[in-house]
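Chain residues, written in single-letter form:
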Amino acid sequence: MMPLQLPTTFDENEWFIIIGLILSYSLILWLPKRFPLSLTILLLLFGSTVARIYDHLLSSPDLNLYNIMDSRKYELFDVISYFLYAPFSYLYIYFYEKLNVRGFWILLYIVISSIIGTLFEGVNALFHVFNYHGWKLSYSFSVYLGVQALTLLFYHMIKHFHHRQTTNK
């Protein structure tokens, strides 16, 4: 098994990832706890997993709509960048619960969150975390709509399962 490549140059995209990780995980630790640890871990893993699946589909060698970080080759900071998605899925659900979003407002929450996700991806592109070849930032909005809806569905499923498990004890 070949180890992951280190970046050829340690530049703005690596620094962006490191600073983003420090800030986003610090925010999660600073916010009051809303979920049991098991749900928190599942939300964090879900965000990273969905991001990895979509990135591999859209940046695969066959399609290659964009590269992550500096090259087409899979390198260490490609893997590290997936940890940046985890806090966003957690924060998305955190504020969903904190704001008590219900009914029609769920759709608006998904749309606003998708706009925020697209804007954040735009900032990532400015720092060359994403390098587009045939992909446009505007395409990402529709991906975020689907991912945000899927994240809510996942959250409600694990919340329901967790509730059943704790009430049966």
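Please refer to the structure higher up on the page.
Keep in mind that this is a model prediction, so the values were computed, not measured.

(A) Up close: the overall build of the protein chain. Along the protein chain, the regular secondary structure elements total six helices and two strands. Scanning the protein chain from its N terminus toward the C terminus, one meets helices and strands in the order α-α-β-α-α-α-β-α. Over its C-alpha atoms the protein chain spans a radius of gyration of 17 Å, differing by no more than 12% from the 15 Å that the globule rule assigns to 169 residues. Principal-axis analysis of the C-alpha atoms gives the protein chain an extent of 50 × 35 × 30 Å. When contacts within the protein chain are restricted to residue pairs at least 6 apart in sequence, those whose partners lie at least 24 apart make up 76%. In the form shown here, the protein chain has an accessible surface area of approximately 10,300 Å², with 72% of it arising from carbon and sulfur atoms.

(B) A nonpolar patch on the surface, seen in detail. On the surface, F104, W105, L107, L108, I112 and I116 cluster together to form a nonpolar patch covering roughly 640 Å² of accessible area. Within the secondary structure, I112 is located in helix α5 (residues 105–126). The class for I112 is partly exposed, based on a relative accessible area of 41%.

(C) Layout of the side chain of N124. Within the fold, N124 resides in helix α5. Not counting residues within four places of it along the chain, the set of residues in contact with N124 comprises F16, L84, V129 and F130.

(D) Representation of the packing of aromatic side chains in the model. Taken as a whole and assessed by the stated rule, the structure comprises 20 aromatic pairs. Seen in terms of ring centroids, F35 and Y90 are 5.7 Å apart; in terms of plane orientation they differ by 85°. Their pairing is edge-to-face. Here Y90 lies in helix α4 (residues 85–98) and F35 lies in the loop between α1 (12–30) and α2 (37–58), a separation of 55 residues in the sequence. The residues F35 and Y90 share a single accessibility class, namely buried. Relative to Y155, the ring of F35 lies with its centre 5.8 Å away and its plane at 70°, an arrangement referred to as edge-to-face. Residue F35 is found in the loop between α1 and α2, and its partner Y155 is found in helix α6 (residues 137–167); the two are separated by 120 residues along the sequence. Residue class for F35 comes out buried when judged on its relative accessible area of 10%.

(E) View of the side chain of S89. Mapped onto the fold, S89 is located in helix α4. Take S89: its relative accessible area is 7%, and that puts it in the buried class.

(F) Up close: the packing of α2 against α4. α4 packs onto α2 with a crossing angle of 125° between their chain directions and a minimal axis gap of 7 Å. When the axis of α2 is compared with that of α4, the two are oblique. In the crossing of α2 with α4, the sense of the turn from one axis to the other is right-handed. Here T40, L43, L44, G47, S48, A51 and D55 of α2 come into contact with α4, specifically with Y85, A86, P87, S89, Y90 and I93. Each residue belonging to the contact of α2 with α4 can be placed in one class, and the counts come to eight nonpolar, four polar and one charged.

Here is what the cut-offs are and how they apply
- Counting starts from 1 at the beginning of each chain's written sequence and moves along it residue by residue.
- pLDDT decides what is reported in this predicted model: residues at 70 or higher carry local features, side-chain atom pairs at 80 or more are listed and counted, and totals for whole chains, interfaces and linings draw on all residues regardless.
- Values shown for side chains rest on all heavy atoms present in the structure; no hydrogens or waters enter the calculation.
- Every helix listed is a DSSP run of H or I at least four residues long, and every strand listed is a run of E at least two residues long, numbered separately from the N terminus.
- Our radius of gyration is a C-alpha quantity, and the globule rule it is checked against amounts to 2.2 Å times the number of residues to the power 0.38.
- Between two residues, a contact is recorded if the distance between any of their heavy atoms is within 4.5 Å.
- Only the protein chains shown count as cover for residues, and the accessible areas themselves come from Shrake-Rupley with a 1.4 Å probe.
- A patch consists of residues exposed above 30% relative accessible area that lack any salt bridge, with like charges linked at up to 9 Å and nonpolar side chains (Val, Leu, Ile, Met, Phe, Trp, Tyr) linked at up to 5 Å.
- The working definition used for a salt bridge is a side-chain nitrogen of Lys or Arg within 4 Å of a carboxyl oxygen of Asp or Glu.
- Here's how the labels work: a residue is buried when its accessible area is under 20% of the maximum for its type, exposed when over 50%, partly exposed in between, all with a 1.4 Å probe on protein chains only.
- Each Phe, Tyr or Trp ring (for Trp, its six-membered ring) is paired with any other whose centre lies within 6.5 Å, and the angle between the two planes then decides the class: stacked below 30 degrees, edge-to-face above 60, tilted in between.
- Lines fitted to C-alpha atoms define the axes here, with helix axes fitted over just the stretch in contact, and angles between the N-to-C directions of these axes take values from 0 to 180 degrees.
- We call two directions roughly parallel when the angle between them is under 35 degrees, roughly antiparallel when it is over 145, roughly perpendicular when it lies between 65 and 115, and oblique otherwise.
- In this scheme, a crossing is called left-handed if the near helix is turned counterclockwise away from the far one by less than a right angle; it is called right-handed if the turn is clockwise.
- Side-chain classes are defined by residue name, with Ala, Val, Leu, Ile, Met, Phe, Trp, Tyr, Cys and Pro counting as nonpolar, Asp, Glu, Lys and Arg as charged, and the others, Gly among them, as polar.

Keep in mind these numbers describe shape, not what the thing actually does.
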